[in-house]
Number of protein chains: 4
Amino acid sequence: MKKIKVGVIGATGYTGEELVRILVRHPHIELTYASGNQERQAKLQEIFPYLKNAIDLECRAFSSEEAASKSDFVFLSLPHTVSMATAPSFLKAGKKVVDVSADYRLIDTAVYEKFYKVKHTDHEHLKEAVYGLPEINREKIRKASLVANPGCYPTGAILGVLPGVKEKVFMPQTIGIDAKSGVTGAGRKADKALNFSEVNESFKAYKLFEHQHVPEMDQELSRAAGEKISVVFVPHLLPINRGILSTIYVGLQKKMDTAELVALYQNFYKKEPFVNVYADGTLPEVKHAAHTNFCHIGLRVNAERGMAVIVTAIDNLVKGAAGQAVQNMNIMCGFDERAGLV
Amino acid sequence: MKKIKVGVIGATGYTGEELVRILVRHPHIELTYASGNQERQAKLQEIFPYLKNAIDLECRAFSSEEAASKSDFVFLSLPHTVSMATAPSFLKAGKKVVDVSADYRLIDTAVYEKFYKVKHTDHEHLKEAVYGLPEINREKIRKASLVANPGCYPTGAILGVLPGVKEKVFMPQTIGIDAKSGVTGAGRKADKALNFSEVNESFKAYKLFEHQHVPEMDQELSRAAGEKISVVFVPHLLPINRGILSTIYVGLQKKMDTAELVALYQNFYKKEPFVNVYADGTLPEVKHAAHTNFCHIGLRVNAERGMAVIVTAIDNLVKGAAGQAVQNMNIMCGFDERAGLV
Amino acid sequence: MKKIKVGVIGATGYTGEELVRILVRHPHIELTYASGNQERQAKLQEIFPYLKNAIDLECRAFSSEEAASKSDFVFLSLPHTVSMATAPSFLKAGKKVVDVSADYRLIDTAVYEKFYKVKHTDHEHLKEAVYGLPEINREKIRKASLVANPGCYPTGAILGVLPGVKEKVFMPQTIGIDAKSGVTGAGRKADKALNFSEVNESFKAYKLFEHQHVPEMDQELSRAAGEKISVVFVPHLLPINRGILSTIYVGLQKKMDTAELVALYQNFYKKEPFVNVYADGTLPEVKHAAHTNFCHIGLRVNAERGMAVIVTAIDNLVKGAAGQAVQNMNIMCGFDERAGLV
Amino acid sequence: MKKIKVGVIGATGYTGEELVRILVRHPHIELTYASGNQERQAKLQEIFPYLKNAIDLECRAFSSEEAASKSDFVFLSLPHTVSMATAPSFLKAGKKVVDVSADYRLIDTAVYEKFYKVKHTDHEHLKEAVYGLPEINREKIRKASLVANPGCYPTGAILGVLPGVKEKVFMPQTIGIDAKSGVTGAGRKADKALNFSEVNESFKAYKLFEHQHVPEMDQELSRAAGEKISVVFVPHLLPINRGILSTIYVGLQKKMDTAELVALYQNFYKKEPFVNVYADGTLPEVKHAAHTNFCHIGLRVNAERGMAVIVTAIDNLVKGAAGQAVQNMNIMCGFDERAGLV
């Protein structure tokens, strides 16, 4: 099989770096283009010395012409608002695109504009973009030219409640998500609040009820449920590099015990290559998911209170970003969905 | 004023060490006795080299006679079940005792025996023991001979919901506590699961619904409310040394906004020396409380969902253990409640 | 005794914060003025919530007139180059000053200008400034108006080799210092390289042979030895908040064993309140020194190779900065040298 | 090419786990047997949930018959002293063995017995064992049946000084190695001193001059130099999971500058797939090597003092253990040396 030529736009942020790390080992593609906003021109293997044996490729100042001429498939790992200015030229040139930013996730541009504080400038492609959670949209992703890769928090949260929401066992207005994320989720940037000494040996909640990932969760869960769902979402900053643990509280529509709810989840996800439901009320830990594309799920029912707690663990840079982006590429290109992700 | 002679039984665990650290600087007492289960006989300032200028005292193999002869006031910083075998002799000798273990916290010995898996052997003193949360029981503590120092999780949780429970603004059967604790909460012990490499760069929930601190929260909140309250409690292990952040979810009885609930909390705690309610929906972080006896509290109302989130931060070794124990001693001995704790 | 009025200029950096933390508990002074470059006007106890019970003081935008009118004694916790523009007015107004920056440490302004890349603008006061390492200059500090508080690395390094250098048991051109510092040593600032995700789970050497603290070590060790000493110095960045461990390698002039060298060190420092020499080849750890003003020292002789390894541990914010500054104030003001530092 | 059947004896320690992680992705082998001292019988993918898509294999209680019947090639990831009781049966059955323990590294059994406190019981195979540092012994490894995989510290140390020792530019009796290792180096075990709260926010030196890896370094460097070399070695415990940074101090035989010494190193290692020498005095960081089989090397000459500092970074579990073991297998089996390690 001839290898597909792949470009990564924005290869020097944490997600871009993780994309490169995965792609250089991918059996069916060749990484042929990478750009980043580096001060100096440098080779990828100089910027990331662990790539020495894996690739020999210059990380370029971005040029959409050059990127398009060298790539059949493009990952956009750019800040939101920059993606929607960049994607159209690739799409018009017939390239397939996975956008890791938030720009093509929200159907309602008014909501986008409220949370991201800018006007949406690409309504045309927004209409055709597919929300790239394979566990919901695998068939649509297969045919898509533009996939909007989900946010890290929504990935861990949606996968945690989807079976119960689809099967109508949860009361829709009771979903509360207490999520804890490692610091790479905030991106590679200079910020006093992200200084090691500020984050280390501490822990905090932030953006209570106001996080920009809330409308994404509400949109996808409402679609899945066929009725309006709005979640309570409280994110926290964990003093670790990678990983999100989401502790999810839901009210139950009917009496059931842990074994029944586990069985429902295991059945729902039984064909999913990257969702793993633990038996017996065992709970996942961040380290189980780190450096992998898995979403691990554990849960327990509290019968006395008529509620359940569901715990999900993902790596925010893999299933929460770069790994899921590659999973989407695999689906879009007809590869084995696990290729490069085992 | 003549200084009171104080003994610390169990001075080499994390809580015992913190007790010593506080007591050597306390203006109204003299640390006259310390015991610990050290392999070798050693001076406290050799075991903890930072005490060099502060004290010159041998850490002894425990003898209740020696301890009683050298102390007017005794802190028991022992594992549960050991405390109830140790406290009676001090009480009979007329000493005042603060017990840091769980042995005298639960009124109902059946509940104690269910959660701690041993028979309670000191019903006599259990009856007179006072639950040592000054914000609830200050006057009873003043007259007590035996104070049961609260658990670390219950301290952060109870202080977070007490005003709303007392003022009947929360729906009693909606309280959910998502708590995250540093590793010193597990004590100074050899345990593969607490090995640095197992805890670092990870995060997990544990003892879902089953933690031994649940009955303590339920007991004290039910007393305060005058009706049965049972909380949903999910503890997590944070890769930090010290601190507990509790994110508490409650349903509201009536419509109110953040400013009103903050005002209610600020008014409730306005005379409390060690509870600090943040204005304006600002939220506390673990580092605000570390190495202090404060419980910091912040909160926000989600009017759409008719619920509120309350966040509390304490240092599990100070307000959650040794600091609160000294606060109790200050009350029992008629000292300024802040003595040694500023 | 009437309390001395003290001002802290630059109270919101890590060293300034630590100065405030120590000073609010100091028995002989009153903190009467604090300034910082905060965005908003705020009270110190709002910026640092753990100060609630300890002080009620506004943190002001800096005014030298206001500072002088409210303080008898001033700590300058400012970036280098800013201190030398600020100190003169206080000195001319008859205030005593401890400067925590590097501006008054180096006698030779050419060396200062080489390492700090700016012209020195206050030769006048530089001449009278005393290098504030009490273990070397206690008597000079007692009479000084301006004390240049030592750098954090030089404190741990100089105290580690001083006895051997003074007693001529080390070969002067063999001193190598492999030092490892926590991240607060880099100050409270936004810097991509200090982002949590960059520092955590990593470790590196930096500024090999070129660190600005090298001339300070060379100056003070040469003075102490009465001959030119130039050290090899390799600093490293530790993923912890506080603490410096210095592993020091020295060639021995003559045969001696560990016990003899330990005895020499213990004798040299026997009256020092904040230097602690471990017996028997035991070695200090960072946690022994954290949050204290101690310099702990341990050492072992390698007779076969004719050399010794000396390990010192300090808290870079206490003995390496704010604590030593207060120790200097205690000496300058005739207080017990340990006041506020036990 | 038919895949070789591989067994891992001791698959549940940190090194064994890393071996499994690498081997399940290796293109030329099949992992057909794994044993571990688990309490319960379980599948590898249940013990390590991230293996779910990669393998379906039971982790067995060890049986040498079963292991031999299922494997052509065996990795022994066992404590020292256990390996030498286990290896002989595999060797006699004609299997090739890489032993990750220390049992076959030291030629002189008296030295082994001094440092490991047990009698050596397999002199027969010790004689034929090859020290498995490919950069020294590639040709011998190719023909070996038993390879003694190097220790983690010796790997980082030897690779750091080998070029200068072989080329006679270092003074043999001046080599000092200040090494800092992550905590997985101590193995997966319950030990109070390795409890998270003891290691986190601290740092210490240990086993000064006495570490069991010293004779291994001395043996291999003396062989390479053709004269006796004994190093000064000071290991430290870093509060991170993975990685060793070694800061190495050497006296130079002759005048040279940084560029000349870098050139010598780059030339020496120019064909090595897993050694990377940085240009221009740039220095490696632990994170450059983490999760890779690289040894990154940077260095600078201090001409004034006639010495150089060489810094090496490896992942203690990969190049320092499991990765190097697989590199040795690749050589022994005639695979591309990088197979499974890119």
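Quick caveat, the model's predicted, so the values are computed rather than measured.

What counts and how
Residues numbered from 1 in each chain as written. Chains lettered and ligands numbered in written order. Predicted model: local features only at pLDDT ≥ 70, side-chain atom pairs only at ≥ 80, totals over all residues. Heavy atoms only, no water. Pairing = 2+ DSSP bridges. Helix = DSSP H or I, 4+ residues; strand = E, 2+ residues; numbered from the N terminus. Contact = heavy atoms within 4.5 Å. Axes fitted to C-alpha atoms, helices over the stretch in contact; angles between N-to-C directions. Buried < 20%, exposed > 50% of the residue type's maximum accessible area, 1.4 Å probe, protein only. Phe/Tyr/Trp six-rings, centres within 6.5 Å; stacked < 30°, edge-to-face > 60°. Least-squares fit on C-alpha atoms with pLDDT ≥ 70 in both. Domains from an automatic or database assignment. Buried area = accessible area lost by both parts, 1.4 Å probe. Salt bridge = Lys/Arg side-chain N within 4 Å of Asp/Glu carboxyl O. Nonpolar A, V, L, I, M, F, W, Y, C, P; charged D, E, K, R; others polar. Expected span 1.5 Å × (residues − 1). Polar contact = N/O pair within 3.5 Å; in protein donor to acceptor, adjacent residues only side chain to side chain.

1. Let's talk about the sheet that holds strand S3 (residues 42-43) of chain A
All names here are of chain A.
Link 1 in the chain: Here eight strands make up an open sheet; going across it, the order is S3-S4-S2-S1-S5-S6-S8-S7 and the pairing mixed. Two strands in the sheet have a free side with no partner beyond their single neighbour: S3 and strand S7 (130-131).
Link 2 in the chain: One ladder, built from two bridges, connects S3 with strand S4 (residues 58-60); its direction is antiparallel. Paired with Ala42 across the two strands is Cys59, which belongs to S4.
Link 3 in the chain: Helix H1 (residues 14-23) rests against strand S1 (4-9), strand S2 (29-35) and strand S5 (73-76) of the sheet, and its axis sits at about 160 degrees to S1.

2. Side note on the pairing of strand S14 (residues 295-302) of chain B
All names here are of chain B.
Link 1 in the chain: A large share of S14 lies buried, amounting to seven of its eight residues.
Link 2 in the chain: Pairing of S14 with strand S15 (residues 307-314), which is carried by seven bridges, proceeds in the antiparallel orientation. By the bridge assignment for S15, His296 is matched with Ala313.
Link 3 in the chain: Where S14 folds back on S15, the antiparallel hairpin that results is connected by four residues, among which Gly306 adopts a positive phi of roughly 65 degrees.

3. Structural notes on the packing of aromatic side chains
One pair of aromatic rings is described through two measures. These are the centre distance and the angle between the planes.
Link 1 in the chain: Counted by the stated rule, this structure contains 35 aromatic pairs over all chains.
Link 2 in the chain: Centroid distance A:Phe196 to C:Phe196: 5.3 Å. Interplanar angle 10 degrees. Geometry classified as stacked. With one member in each of two chains, A:Phe196 in helix H9 (residues 196-199) and C:Phe196 in helix H9 (residues 196-199) form a pair that bridges those chains. This pair shows no difference in class: A:Phe196 is buried, exactly as C:Phe196 is.

4. Regarding the relation of the copies chain A and chain B
Link 1 in the chain: Take chain A, turn it by 180 degrees, move it 0.0 Å along the axis, and it overlays chain B with an RMSD of 0.0 Å. On this basis, the relationship between the two copies can be described by a two-fold rotation axis.
Link 2 in the chain: The overlap is high: 100% of the interface residues of chain A also sit at the interface in chain B, so the same surface is used on both sides.

5. What to know about the domain arrangement of chain A
Residues and elements named next belong to chain A.
Link 1 in the chain: When cut into domains, chain A gives domain 1 (4-150 + 321-333) and domain 2 (152-319).
Link 2 in the chain: Across the boundary between the two partners, domain 1 contributes 26 residues, which contact 29 residues of domain 2.
Link 3 in the chain: Note on domain 1 versus domain 2: buried area summed over both sides is about 2300 Å², and carbon and sulfur give 52% of it.
Link 4 in the chain: On inspection of domain 1 and its partner domain 2, the count reaches five salt bridges.
Link 5 in the chain: Arg188 is paired through a salt bridge with Glu17; the nearest N and O atoms lie 2.9 Å apart.
Link 6 in the chain: Mapped by element, the contributors of at least two residues to the side of domain 1 that touches domain 2 are H1, helix H5 (109-116), helix H7 (134-143) and helix H13 (318-333).
Link 7 in the chain: In terms of residue class, the side of domain 1 that touches domain 2 is built from 14 nonpolar, six polar and six charged.

6. A short note on helix H10 (residues 214-225) of chain D
Residue and element names in this part refer to chain D.
Link 1 in the chain: Between its first and last C-alpha atoms H10 spans 16 Å; for twelve residues at 1.5 Å apiece the expected length is 16 Å, and the two agree.
Link 2 in the chain: Most of H10 is tucked away: eleven of the twelve residues are buried.
Link 3 in the chain: Taken as a whole, H10 has its buried residues at Val214, Pro215, Glu216, Met217, Asp218, Gln219, Glu220, Leu221, Ser222, Ala224 and Ala225.
Link 4 in the chain: Turning to H10, the residues buried within the fold contact helix H5 (109-116), strand S7 (130-131), helix H7 (134-143), helix H8 (152-166), strand S9 (176-181) and strand S11 (232-237).

7. Quick look at the interface of chain A and chain B
Link 1 in the chain: Every contact between the two is made by 40 residues of chain A and, on the other side, 41 residues of chain B.
Link 2 in the chain: Summed over both partners, the interface of chain A with chain B comes to about 3500 Å²; 57% of that surface belongs to carbon and sulfur atoms.
Link 3 in the chain: In terms of surface lost to chain B, no three residues of chain A exceed A:Glu201, A:Phe203 and A:Arg305, which account for 19% of the buried area on that side.
Link 4 in the chain: Viewed at the interface, chain B and chain A are joined by six salt bridges.
Link 5 in the chain: With a closest N to O distance of 3.6 Å, B:Glu210 and A:Arg300 form a salt bridge.
Link 6 in the chain: Summed over the shared surface of chain A and chain B, the result is 22 residue pairs in polar contact (both at pLDDT 80 or more).
Link 7 in the chain: Sorting the residues of the side of chain A that touches chain B by element identifies strand S9 (176-181), strand S10 (204-205), strand S11 (232-237), strand S12 (244-251), helix H12 (286-289), strand S14 (295-302) and strand S15 (307-314) of chain A as the ones contributing at least two each.
Link 8 in the chain: Split by residue class, the side of chain A that touches chain B holds 20 nonpolar, eight polar and twelve charged.

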